[in-house]
Amino acid sequence: YAAYRDGVQIIGDVITNWHAGIAVSGVGTSAQFAQATGKNYTTDIVSYSSFVNGNTFLGYYQPASVSYYHPYRDAVVETAEIVANLHIPYVAVTCITYDYIPMTQTHYNPSDIQAIRCDGFVEYCFEYEGIRLAGPNNYWDITLRDTSAQDVHYGVAAITPKKQAEDYMVLVNLN
């Protein structure tokens, strides 16, 4: 499942947002999360206390686009662990940036990611496994090697962790 917390300061105390990650093991205070931590950090797997970082845990979410069952969850967790262990740098301006890939390659693999933001991390992990998270009908797949698909995910306002959770996901009770 995706997990969210509050407390991200964008412009001083004026604009706040959420932070996103993927729960890769456990629930509650024993959980571990794969995430793009933030400025001056790389992707990693962290403890519950590191994920929450003194803020309020907002819950676990699943995509609203599909019936999210066990094999999907396992595949998303596997992708999240791979991306986290690549220690990819953070980027603030857009969800994700990629290295150049050959024209014959239709999708970006985890090793093609050059930099990633927390909401891009979550979206990439789901969409790499074919689970639609966000975006217009023909251009929802953030892993697709297509200029239009990348353009709809570009920029700070294209999507945010809060918008991702509230508009494209469903809160689930794991207690």
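Below is a summary of the structure that appears in this document. (Residues numbered from 1 in each chain as written. Predicted model: local features only at pLDDT ≥ 70, side-chain atom pairs only at ≥ 80, totals over all residues. Heavy atoms only, no water.)

A word on the overall build of the protein. Across its full length, the protein carries five helices and eight strands. Scaling as 2.2 N^0.38, a compact globule of 175 residues should have a C-alpha radius of gyration of about 16 Å, and the protein matches this with 15 Å. Dimensions of the protein, computed from the C-alpha atoms along their principal axes, are close to 45 × 40 × 30 Å. Counting over 175 residues, the protein shows a buried share of 45%. Of the contacts formed within the protein by residues at least 6 apart in sequence, a portion of 62% connects residues at least 24 apart. Carbon together with sulfur atoms contributes 50% to the accessible area of the protein, which is approximately 8500 Å² in total. (Helix = DSSP H or I, 4+ residues; strand = E, 2+ residues; numbered from the N terminus. Rg over C-alpha atoms; globule rule 2.2 N^0.38 Å. Buried < 20%, exposed > 50% of the residue type's maximum accessible area, 1.4 Å probe, protein only. Contact = heavy atoms within 4.5 Å. Areas by Shrake-Rupley, 256 points an atom, 1.4 Å probe, with all protein chains shown as cover.)

With that settled, the discussion passes to the nonpolar core. Counting 47 residues, the largest nonpolar core has Y4, I22, F33, F121 and F126 as the members making the most contacts within it. It is helix α3 (residues 118–128) that contributes the most residues to this core, six residues altogether. (Core = buried A, V, L, I, M, F, W, Y, C linked by side-chain atoms within 4.5 Å.)

Glancing now at the packing of aromatic side chains. Per the counting criterion, the structure on display carries eleven aromatic pairs. Seen from their ring centres, F33 and F57 are 6.2 Å apart, and the 50 degrees between their planes marks the pair as tilted. With a gap of 24 residues between them, F33 in strand β3 (residues 32–36) and F57 in strand β5 (residues 57–63) connect regions that are remote in the sequence. On the basis of relative accessible area, F57 is assigned to the partly exposed category, the value being 23%. (Phe/Tyr/Trp six-rings, centres within 6.5 Å; stacked < 30°, edge-to-face > 60°.)

Running from N to C, helix α2 (residues 70–85) and α3 point in directions that differ by 130 degrees, and their axes come no closer than 8 Å. Comparing the axis directions of α2 and α3 gives the class oblique. Remark: the crossing between α2 and α3 carries right-handed chirality. For the pair formed by α2 and α3, the contact residues are V76, T79, A80, V83 and A84 on the first element and F121, Y124, C125, F126 and Y128 on the second. In terms of residue class, the contact of α2 with α3 is built from nine nonpolar, one polar and no charged. (Axes fitted to C-alpha atoms, helices over the stretch in contact; angles between N-to-C directions. Parallel < 35°, antiparallel > 145°, perpendicular 65-115°, else oblique. Left-handed = near helix turned anticlockwise from the far one by under 90°. Nonpolar A, V, L, I, M, F, W, Y, C, P; charged D, E, K, R; others polar.)

Attention now goes to α2. An ideal rise of 1.5 Å per residue puts 22 Å on 16 residues; α2 measures up with 22 Å between its terminal C-alpha atoms. Taken together, the buried positions of α2 are occupied by V76, V77, T79, A80, V83 and A84. Across the axial projection of α2, the buried residues extend over an arc of 165 degrees, all falling on one side. H87 occupies a position one or two residues after α2 and carries a positive phi of about 50 degrees. (Expected span 1.5 Å × (residues − 1). Arc of directions from axis to C-beta.)

In an α-helix, one full turn covers 3.6 residues, which means residues spaced three or four apart are oriented alike. With respect to burial, α3 is a largely interior element, ten of its eleven residues being buried. Listed in full, the buried residues belonging to α3 are C118, D119, G120, F121, V122, E123, Y124, C125, F126 and E127. After α3 finishes, the residue G130 shows a positive phi value of roughly 85 degrees.

Bringing unusual backbone geometry into the picture now. One non-glycine residue, N40, adopts positive backbone phi at about 70 degrees. Along the chain, N40 falls in the loop between β3 and β4 (43–47). Classification of N40 as exposed rests on a relative accessible area of 72%. Phi is positive for H87, close to 50 degrees, though the residue is something other than glycine. Position of H87 among the secondary structure elements: in the loop between α2 and β6 (96–98).

Further remarks concern the environment of A36. Here A36 lies in strand β3. Here A36 falls in the buried class, since its relative accessible area comes to 3%. In this structure, A36 is in contact with H19, T43, Y90, I116, R117, C118 and F121, ignoring residues within four places of it in sequence.

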